[in-house]
Amino acid sequence: MPNILDIRRRIRSVVNTRQITKAMKVVSAAKLRRAQDRALSARPYALMLTNVLKSLVARAEIYDPETGAPKHPLLAQRVEKNILLIVVTGDKGLAGAFSANITKAASRFLESKAGKNIDIEAIGRKGRDFLRRRYPAALQTRSLVELAESLEAQPDAAERAGVIQITGEHVGVLGKLEFAQSRALAENVIERYRREEIDAVYVVFNEFKSVIAQRLIVEQVLPIEHIGEPAVRLAEEMTEEEKKRAKEAAISAGVGMRASESAGEKAAAEFGTAQVDYIYEQPPEELFRALLPKYVAIQIFRALLESVAAEHAARMTAMDSATSNATDMIDSLTLVMNRARQAKITKEIIEIVSGAAAM
Amino acid sequence: MADTFQLEIVTPEKKLVDTAATEVQIPGKNGYLGILPGHAPLITELAVGEITFHAGAEQQRLAVAWGFAEVLPDKVTILAETAERPAEIDVERARKAKERAEQRLASGDPNVDVERSLDALAKAETRLEVAGSKK
């Protein structure tokens, strides 16, 4: 028979755990709200940029009128021999299967591209740790912070450390996202693309529209296929079960389910599309060339912002389940304890009664 | 004709300014542009520099790095990659960045990305100038 004191001790420990998971849930909910706001406030800029680019496509001769081939190198399709994959995971654990799901998707993607040279840029500690156990690091790796500050010219690609190698490790940037870092990464990637060190760039991350609308996707960043339409290669929707859990967690934490449209969005959608003849201070072609790299940067920035929001949402959900599991456990342990106590009392009564009977 | 126009300044991180203004000066790539209400539609790329605008009686200045502006008769929208108010500028950091860029340029090291260094230098100088204007 279990010892009552032991059970009581276990109950106390589970109660403590529940307190911690509950607190973490509240913290994640608050962080999620902030991350959602940030993702939302980045949207007008992205929309405006996209719109201007689209209208420039119509005005500037982006495509060769005879062959239909694009004139800009970032639009040109090449045979994929060398690929760059940006893996966006979280820096911290205790978020359920969040990072594991992404690394799994990344592995699957790597398998589907087997035989090609693949460079990996790992953003987030969890993904970095996982990938580093499997693949060698390139001879030169740089972090986002270094990239953003660097004034050196980008060195030529060194010899490969393996068919699949890690060319960049970016840990600890997700807590305080700055656009400058996304831009630095975009510039670095574009330069490598221009030098034909890589022929395509993909990013795998957790897309976040709202708590119940998330997808794990692999998106093609370069070459740009259609401006304004993300080129999604692989997508995994949430399962119904996951959706239900996330919904419950969101309700109990008081986080809004739908991402509210920001007021600026409608105005942003009209940016640069007025039906007037603009005076172009610079030739449209030149504007287009200047804007395209920014478009790549904002795409990477968006991926990071959404991934951060998704990570907090995943942690909130995980902590919500942990809290309710702890509650269940306390209930069942209390039941066991009461039974044990009752059994003990019954036993004592029997002992007394049979002792009296013997006299 | 109205004597004000709507001015919006948007960065990737947030919408910084949304106000009625009577005049704005923007650092166009080919030189500064002064814009008054009723300007002809125009699209321009921005260089590193400062935006000055008059909203009501007060005049405000912002340090911007690369950006993009759309001008309509009743509305001016500026997309800036970074835009900072004088109070937000980290003067110490800007000063260090300036020194570093100057050293890099003076070193004559072939590995230095001259374009980026010049760019960094211009950004740092603009920041210092805008930050200094309030003191």
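On a predicted model such as this, the values are computed, not experimentally measured, just so you know. (Residues numbered from 1 in each chain as written. Chains lettered and ligands numbered in written order. Predicted model: local features only at pLDDT ≥ 70, side-chain atom pairs only at ≥ 80, totals over all residues. Heavy atoms only, no water.)

Peer 1: Could you give me a rundown of a negative patch on the surface, with the residues and numbers involved?
Peer 2: All names here are of chain B. On the surface, E99, E102, E125 and E129 cluster together into a patch of negative charge. Secondary structure elements with two or more residues in the negative patch: α1 (91-107) and α2 (114-133). Locating E129 in the fold gives a position in helix α2. (Patch = residues over 30% accessible without salt bridge, like charges linked within 9 Å, V, L, I, M, F, W, Y side chains within 5 Å. Areas by Shrake-Rupley, 256 points an atom, 1.4 Å probe, with all protein chains shown as cover. Salt bridge = Lys/Arg side-chain N within 4 Å of Asp/Glu carboxyl O. Lys, Arg positive; Asp, Glu negative; His and termini not counted. Charge placed at Lys NZ, Arg CZ, Asp CG, Glu CD. Helix = DSSP H or I, 4+ residues; strand = E, 2+ residues; numbered from the N terminus.)

Peer 1: An account of the interface of chain B and chain A is requested, with residue identities and associated values reported.
Peer 2: Chain B puts 37 residues into the contact, and the matching count from chain A is 39 residues. Of the roughly 3,300 Å² buried between chain B and chain A, counting both surfaces, carbon and sulfur atoms make up 57%. In this structure, the connection of chain B to chain A is made through two salt bridges. Notably, a salt bridge pairs K294 of chain A with E81 of chain B, separated by 3.4 Å at the nearest N-O pair. Taken together, the links from chain B to chain A amount to four residue pairs in polar contact (both at pLDDT 80 or more). Elements represented by at least two residues in the side of chain B that touches chain A include exactly β1 (5-10), β5 (42-46), β8 (67-72), β9 (75-80), α1 and α2 of chain B. Residue classes in the side of chain B that touches chain A are distributed as 16 nonpolar, six polar and 15 charged. (Contact = heavy atoms within 4.5 Å. Buried area = accessible area lost by both parts, 1.4 Å probe. Polar contact = N/O pair within 3.5 Å; in protein donor to acceptor, adjacent residues only side chain to side chain. Nonpolar A, V, L, I, M, F, W, Y, C, P; charged D, E, K, R; others polar.)

Peer 1: Describe α1 of chain B, listing the residues and the values that go with them.
Peer 2: The end-to-end C-alpha distance of α1 of chain B is 24 Å, a good match for the 24 Å that 17 residues give at a rise of 1.5 Å each. Immediately beyond the C-terminal end of α1 of chain B, within one or two residues, lies G108 of chain B, with a positive phi of roughly 70°. (Expected span 1.5 Å × (residues − 1).)

Peer 1: Talk me through the nonpolar core; I want residue IDs and the actual numbers.
Peer 2: In this structure, L85, I86, I120 and L222 of chain A are the most contacted members of the largest nonpolar core, which totals 93 residues. Among the elements that make up this core, the one with the highest residue count is helix α9 (residues 284-358) of chain A (20 residues). Apart from residues no more than four positions distant in its own chain, I86 of chain A is found in contact with E121, I123, L185, V201, Y202, V203, V204 and I300 of chain A. With 23 residues, the next largest nonpolar core counts I9, V17, A55 and A80 of chain B among its residues. (Core = buried A, V, L, I, M, F, W, Y, C linked by side-chain atoms within 4.5 Å. Buried < 20%, exposed > 50% of the residue type's maximum accessible area, 1.4 Å probe, protein only.)

Peer 1: Requested: an account of the domain arrangement of chain B, with residues and values cited.
Peer 2: All names here are of chain B. Domain parsing of chain B yields domain 1 (5-86) and domain 2 (89-131). A separation of 24 Å is found between the C-alpha centroids of domain 1 and domain 2. Taken together, the contact between domain 1 and domain 2 spans eleven residues of the former and nine residues of the latter. Both sides together, the interface formed by domain 1 and domain 2 hides about 820 Å², and carbon and sulfur atoms give 60% of it. Interface area lost by domain 1 to domain 2 is led by V48, E84 and P86, which between them contribute 52%. Our enumeration of links across domain 1 and domain 2 arrives at zero salt bridges. The interface formed by domain 1 and domain 2 holds zero residue pairs in polar contact (both at pLDDT 80 or more) in total. Element by element, the count of residues in the side of domain 1 that touches domain 2 is highest for strand β7 (residues 58-64), at three residues. For the side of domain 1 that touches domain 2, the class distribution of residues is five nonpolar, two polar and four charged. (Domains from an automatic or database assignment.)

Peer 1: Before we move on, can you summarise a nonpolar patch on the surface with the specific residues and values?
Peer 2: Residues I345, I349 and V353 of chain A make up a contiguous nonpolar surface patch of about 270 Å² in total accessible area. The residue I349 of chain A is located in helix α9 in this model.

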